[in-house]
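# Chains, contacts and geometry: an overview
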Amino acid sequence: MATKQECEKAIDDVCKKCFEKHELEYGHQPVNCAFREFDNEDCPTVMALKKLIQEHFDRKDDEI
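Residues numbered from 1 in each chain as written. Predicted model: local features only at pLDDT ≥ 70, side-chain atom pairs only at ≥ 80, totals over all residues. Heavy atoms only, no water.

## What to know about the nonpolar core
One broad rule of soluble globular proteins: the nonpolar side chains tend to lie buried together. Counting six residues, the largest nonpolar core consists of Ile 11, Cys 15, Cys 43, Val 46, Ile 53 and Phe 57. Those elements that place two or more of their residues in this core are helix H1 (4–26) and helix H2 (44–63). The element that contributes the greatest number of residues to this core is H2, accounting for three residues. (Core = buried A, V, L, I, M, F, W, Y, C linked by side-chain atoms within 4.5 Å. Buried < 20%, exposed > 50% of the residue type's maximum accessible area, 1.4 Å probe, protein only. Helix = DSSP H or I, 4+ residues; strand = E, 2+ residues; numbered from the N terminus.)

Okay, here's the thing in C-alpha coordinates:
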(Lines give C-alpha, C1' and ligand atoms only; values in the text may rest on other atoms or scores of the structure.)
Protein backbone atom coordinates (compact mmCIF):
# COMPACT_ATOMS: atom_id res chain seq x y z
CA MET A 1 0.00 0.00 0.00
CA ALA A 2 1.25 3.48 -0.86
CA THR A 3 2.04 6.03 1.82
CA LYS A 4 0.47 9.49 1.96
CA GLN A 5 3.73 11.02 0.74
CA GLU A 6 3.88 8.61 -2.23
CA CYS A 7 0.30 9.51 -3.20
CA GLU A 8 1.01 13.23 -2.97
CA LYS A 9 4.21 12.83 -5.02
CA ALA A 10 2.27 10.93 -7.70
CA ILE A 11 -0.19 13.84 -7.99
CA ASP A 12 2.68 16.33 -8.19
CA ASP A 13 4.29 14.22 -10.93
CA VAL A 14 1.04 14.25 -12.93
CA CYS A 15 0.81 18.05 -12.53
CA LYS A 16 4.37 18.50 -13.75
CA LYS A 17 3.75 16.28 -16.80
CA CYS A 18 0.58 18.21 -17.59
CA PHE A 19 2.46 21.49 -17.31
CA GLU A 20 5.27 20.20 -19.57
CA LYS A 21 2.70 19.11 -22.17
CA HIS A 22 0.98 22.49 -21.90
CA GLU A 23 4.28 24.31 -22.47
CA LEU A 24 5.00 22.22 -25.56
CA GLU A 25 1.58 23.04 -27.00
CA TYR A 26 1.04 26.64 -25.89
CA GLY A 27 4.33 28.08 -24.65
CA HIS A 28 4.26 30.20 -21.51
CA GLN A 29 0.64 31.35 -21.77
CA PRO A 30 -1.26 31.42 -18.44
CA VAL A 31 -4.24 29.18 -19.19
CA ASN A 32 -6.19 26.82 -16.97
CA CYS A 33 -3.79 23.90 -16.47
CA ALA A 34 -3.37 21.26 -13.78
CA PHE A 35 -0.23 23.06 -12.66
CA ARG A 36 -0.19 26.83 -13.12
CA GLU A 37 3.33 28.19 -13.02
CA PHE A 38 1.97 31.69 -12.60
CA ASP A 39 -0.07 31.33 -9.39
CA ASN A 40 0.81 27.76 -8.34
CA GLU A 41 -2.84 26.74 -7.87
CA ASP A 42 -4.14 23.27 -8.54
CA CYS A 43 -6.95 22.53 -10.95
CA PRO A 44 -10.26 21.25 -9.49
CA THR A 45 -9.40 17.64 -10.37
CA VAL A 46 -6.08 17.77 -8.51
CA MET A 47 -7.74 19.49 -5.54
CA ALA A 48 -10.32 16.68 -5.40
CA LEU A 49 -7.60 14.01 -5.52
CA LYS A 50 -5.64 15.73 -2.74
CA LYS A 51 -8.81 15.92 -0.64
CA LEU A 52 -9.49 12.21 -1.16
CA ILE A 53 -5.93 11.34 -0.13
CA GLN A 54 -6.26 13.50 2.99
CA GLU A 55 -9.60 11.91 3.91
CA HIS A 56 -8.26 8.40 3.33
CA PHE A 57 -5.22 8.88 5.53
CA ASP A 58 -7.19 10.77 8.20
CA ARG A 59 -9.63 7.84 8.41
CA LYS A 60 -6.74 5.40 8.53
CA ASP A 61 -5.16 7.33 11.44
CA ASP A 62 -8.49 7.28 13.31
CA GLU A 63 -8.64 3.48 13.01
CA ILE A 64 -5.30 3.01 14.74
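## Some thoughts on a negative patch on the surface
Negative charge collects at one region of the surface, where Glu 55, Asp 58, Asp 61, Asp 62 and Glu 63 lie side by side. If you trace the backbone, Asp 58 turns up in helix H2. (Patch = residues over 30% accessible without salt bridge, like charges linked within 9 Å, V, L, I, M, F, W, Y side chains within 5 Å. Areas by Shrake-Rupley, 256 points an atom, 1.4 Å probe, with all protein chains shown as cover. Salt bridge = Lys/Arg side-chain N within 4 Å of Asp/Glu carboxyl O. Lys, Arg positive; Asp, Glu negative; His and termini not counted. Charge placed at Lys NZ, Arg CZ, Asp CG, Glu CD.)

## Side note on the pattern of salt bridges
Considering all chains together, one arrives at two salt bridges under this definition. One salt bridge in this structure joins Asp 13 and Lys 9, with 3.0 Å as the shortest N-O distance. Residue Asp 13 and its partner Lys 9 are both found in helix H1; the two are separated by four residues, about one turn of the helix. Close ionic contact of Glu 20 with Lys 17 constitutes a salt bridge, the shortest N to O distance being 3.8 Å. Remark: Lys 17 and Glu 20 occur in helix H1; sequence separation between them is three residues, near one turn of the helix.

## Things to note about H2
Between its first and last C-alpha atoms H2 spans 29 Å; for 20 residues at 1.5 Å apiece the expected length is 28 Å, and the two agree. When we look at burial in H2, the residues that qualify are Val 46, Ile 53 and Phe 57. Taken end-on, H2 shows its buried residues confined to a sector of 25°, consistent with a single buried face. More than 90 degrees from the buried face of H2, the exposed residues found are Pro 44, Thr 45, Met 47, Lys 51, Leu 52, Arg 59, Asp 62 and Glu 63. (Expected span 1.5 Å × (residues − 1). Arc of directions from axis to C-beta.)

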